[in-house]
Structures are given as C-alpha cells and as structure tokens.
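Here's the letter readout for the chains.
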Amino acid sequence: MTYEPVPQRVLPHAPLQTFKVRRGRLTAGQADALARLWPRWGVRVEGQPLDLDALFGRSAPRVLDVGCGMGEATAAAAAADPARDLLAVDVHTPGLAALLRRLEADGTTWVRVADGDARVLLEAMLAPASLDEVRVWFPDPWPKARHAKRRLLTPEFLALVAARLAPGGRLSFATDWPPYAEEVEALLRDAPLQLVSRERPPSRPVTRFEQQGRDAGRTAHDLVAVRAA
Ligand SMILES: C[S@@+](CC[C@H](N)C(=O)[O-])C[C@H]1O[C@@H](n2cnc3c(N)ncnc32)[C@H](O)[C@@H]1O
C-alpha cells in the first residue's frame, strides 16, 4: 500500500478543522521513508475499526499520541517505553514521514503512524477501553478568540478520550498557552476524567513546539487526568 494523503473526513458533530493546513514539501529522505515504511507501519484514518493486536503483532498496553507534529518527542518517548505500543496520529505528511525515519533509525518497531483526524480515529476506529494513555502534547492553541472554537479539547473530545481509555488509563495534556490550560482544567471538572497532576510527567520529553515556545519565553503547563474505574 503506497502512501496517498487521506481525504479529510468530517464528523457531523465536529465539522471544524482543529489544525492549520500546512503544505510542506517532503525532503528526499522523507519521501524515501514514506515509500519504504508506510506500507509496513502506516494507518489510513478512514473510519474502519482497527484490530490493534493485528496492527502491532502483539497484545500490550497502548498509547495514542495525538498531533505528533515532526515526531521528535513521540519517537523519544516510544524508544524509552518498549513495553507499550504507540499509535501516533497527525495530518501533516512531512511530520509523519519524519517520524517514520526516526523510528527506523532508532530501531523502534512498536510504533504505528496514522494519517488523518484524531477525532475520527478515536470515534470510529478504536474500541472502548482500548488505550492505556492518550497524549495531547501542545495541540494548536488557536490564540485568537474568534478561532478558539477550533481547539481540539472540548467536552465531547474529553468524553471520547475517557471512553477509549481503560479504567485507570490517563490523559496527558500540555500547552504553553495559559488560557487553553485554564479552559481544559475547567472542562475536566465536568468530564469523566479526574485531574491528578499539574506536573510535567517524567516521561514527557521536551517537544519541538514546546522548545519554540521556550525560545519565545513561554512556559509549559501540564495536566494529567485519570479515567475513573
Ligand atoms: C502545535 S503542533 C504540536 C506538535 C507536537 N506535539 C509538538 O509538541 O511538537 C500540533 C499538531 O497537531 C496536529 N493536529 C491538530 N489537530 C489534529 C487532529 N484533529 N488530528 C490529528 N492531528 C491534529 C497538527 O497537524 C500539528 O502537527
């Protein structure tokens, strides 16, 4: 199966795009990685239910990394956590290709890379209670008030995450946009998830987006919430 960009699917109840469309060109190395590794490790987000045991070739706890960007933090966190499978999802083709390159270079074989909207993946493709952790590290902050409705984390998204987490499973969220952190903390009060920490999880590497924020003087805010049993 050669790589073909996935046409944008829209959920009837969530029609707004949560990402900025970026048309970055592929480097030669990214194109090569996509051609060779996509058939082995790629997943198209088209709404078909996923058999995770078949996808990963084993049964293990599973992590979903939503919006992996260029994949540096995704690859680093996965390399340090070989006992858990990781499914990374984004809509940005150069980022998916860059992640595939990193995984091959690191010898990390327990990661799969999905192209498409994480909301479709969660709603239509993943079974209830199938995940041990969902990571949303630095989602697009949409800082302008008129764009805030495009933020990924909404009451519906949090309810969906909770339904896909196994009892005791956790959501790890990070942002360097303080109003977004406050908004998510308020949403968690009414979500089927319990806030357990505002500390950076030791397992979260500094992400590319986080480093750009640091360089501009911004600070990361972390929230970790657990699905009640
Ligand atoms: C600001 S970047 C952060 C990337 C990375 N996590 C980091 O910290 O460097 C947010 C990423 O989320 C992706 N994204 C936004 N909405 C998404 C969605 N609904 N499904 C999949 N990816 C999404 C964007 O394409 C983008 O790559």
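Residues numbered from 1 in each chain as written. Predicted model: local features only at pLDDT ≥ 70, side-chain atom pairs only at ≥ 80, totals over all residues.

Visitor: Explanation requested: the pairing of strand β4 (residues 111–115) in the structure shown.
Guide: In regular strands, side chains alternate between the two faces of the sheet. By the criterion of burial, β4 is predominantly enclosed, with 5 of the 5 residues buried. The alternating pattern of β4 places Val 111, Val 113 and Asp 115 and Arg 112 and Ala 114 on opposite faces, both of which are buried. The pairing of strand β1 (residues 42–44) with β4 spans 3 bridges and is parallel. Of the residues in β4, the one forming a bridge with Arg 44 is Asp 115. Summarising the sheet, strand β3 (residues 85–90) and β4 pair through 5 bridges and their orientation is parallel. When the sheet's bridge partners are listed, Ala 88 is paired in β4 with Val 113. After leaving β3, the chain enters helix α4 (residues 93–106) and then returns to the sheet as β4, a path that is right-handed. (Buried ≥ 20, exposed ≤ 12 C-beta atoms within 10 Å, placed from the backbone. Helix = DSSP H or I, 4+ residues; strand = E, 2+ residues; numbered from the N terminus. Pairing = 2+ DSSP bridges. Right-handed = clockwise from strand over helix to strand, strands pointing away.)

Visitor: How should I be thinking about the pairing of strand β2 (residues 62–66) in this particular structure?
Guide: Burial analysis of β2 places 5 of its 5 residues in the buried class, the great majority of the element. Judged by which residues are buried, β2 turns out to be covered on both faces: Arg 62, Leu 64 and Val 66 on one side and Val 63 and Asp 65 on the other are all buried. Sheet topology places β2 next to β3; 5 bridges connect them, and they run parallel. Bridged to Val 66 within β3 is Val 89. On the question of chirality, the crossover connecting β2 to the parallel β3 by way of helix α3 (residues 72–79) is right-handed.

Visitor: Would you explain the environment of Leu 99 in this entry?
Guide: Along the chain, Leu 99 falls in helix α4. The exposure class of Leu 99 is buried, given the 29 C-beta atoms found within 10 Å. Sequence spacing of Leu 99 and Arg 112 is 13 residues, and the spatial spacing of their C-alpha atoms is 9.8 Å.

Visitor: What should I look at first to understand the site of the ligand in this one?
Guide: The environment of the ligand is made up of 23 residues, and the closest members are Phe 19, Gly 67, Gly 69, Thr 207 and Phe 209. With 3 residues, the top contributor of residues to the shell around the ligand is helix α8 (residues 208–215). Grouping the constituent residues of the shell around the ligand by class yields 11 nonpolar, 6 polar and 6 charged. (Near = placed C-beta within 6 Å. Nonpolar A, V, L, I, M, F, W, Y, C, P; charged D, E, K, R; others polar.)

Visitor: Is there a simple way to think about the nonpolar core in this case?
Guide: Among soluble globular proteins, nonpolar side chains are generally buried collectively. Ala 88, Val 89, Leu 99, Leu 100, Val 113 and Leu 121 are the most contacted members of the largest nonpolar core, which has 60 residues in total. Among the elements that line this core, the one with the most residues is α4, at 6 residues. (Core = buried A, V, L, I, M, F, W, Y, C linked by C-beta atoms within 7 Å.)

Visitor: Looking at this structure, I do not really get helix α6 (residues 155–164). What am I missing?
Guide: Since the α-helix packs 3.6 residues into each turn, any two residues three or four apart lie on the same face. Listed in full, the buried residues belonging to α6 are Phe 157, Leu 158, Val 161, Ala 162 and Arg 164. Seen along its axis, α6 keeps its buried residues to an arc of 170°; they face one direction. Where α6 is buried, its residues contact α5 (118–125), β5 (131–137), β6 (165–175), α7 (178–189), β7 (193–197) and β8 (221–227). (Arc of directions from axis to C-beta. Contact = placed C-beta atoms within 7 Å.)

Visitor: Which parts of the structure should I look at to understand the sheet that holds β8?
Guide: Two modes of strand pairing occur in sheets, parallel and antiparallel, and in both the strands are linked by backbone hydrogen bonds. Overall, mixed pairing links the 8 strands, which are arranged β1-β4-β3-β2-β5-β6-β8-β7 in an open sheet. A single partner strand is all that each edge strand has here, and the edge strands are β1 and β7. Each adjacent strand pair in this sheet contributes to an overall mean axis angle of 25°, direction not counted. Taken together, the 3 bridges between β2 and β5 define a ladder with parallel strand orientation. Bridged to Leu 64 within β5 is Val 134. Docked against the sheet, α6 engages β5, β6, β7 and β8, running at close to 140° with respect to β6. (Axes fitted to C-alpha atoms, helices over the stretch in contact; angles between N-to-C directions.)

Visitor: Mind showing me how you'd approach unusual backbone geometry here?
Guide: Most peptide bonds are trans, and most residues other than glycine sit at a negative phi. Non-glycine residue Ala 129 carries a positive phi angle of around 55°. In this structure, Ala 129 sits in the loop between α5 and β5. Exposure remark for Ala 129: the 14 C-beta atoms within 10 Å place this residue in the partly exposed category. Of note, the phi angle at Trp 142 is positive, near 45°, even though the residue is not glycine. Relative to the elements of secondary structure, Trp 142 occurs in the loop between β5 and α6.

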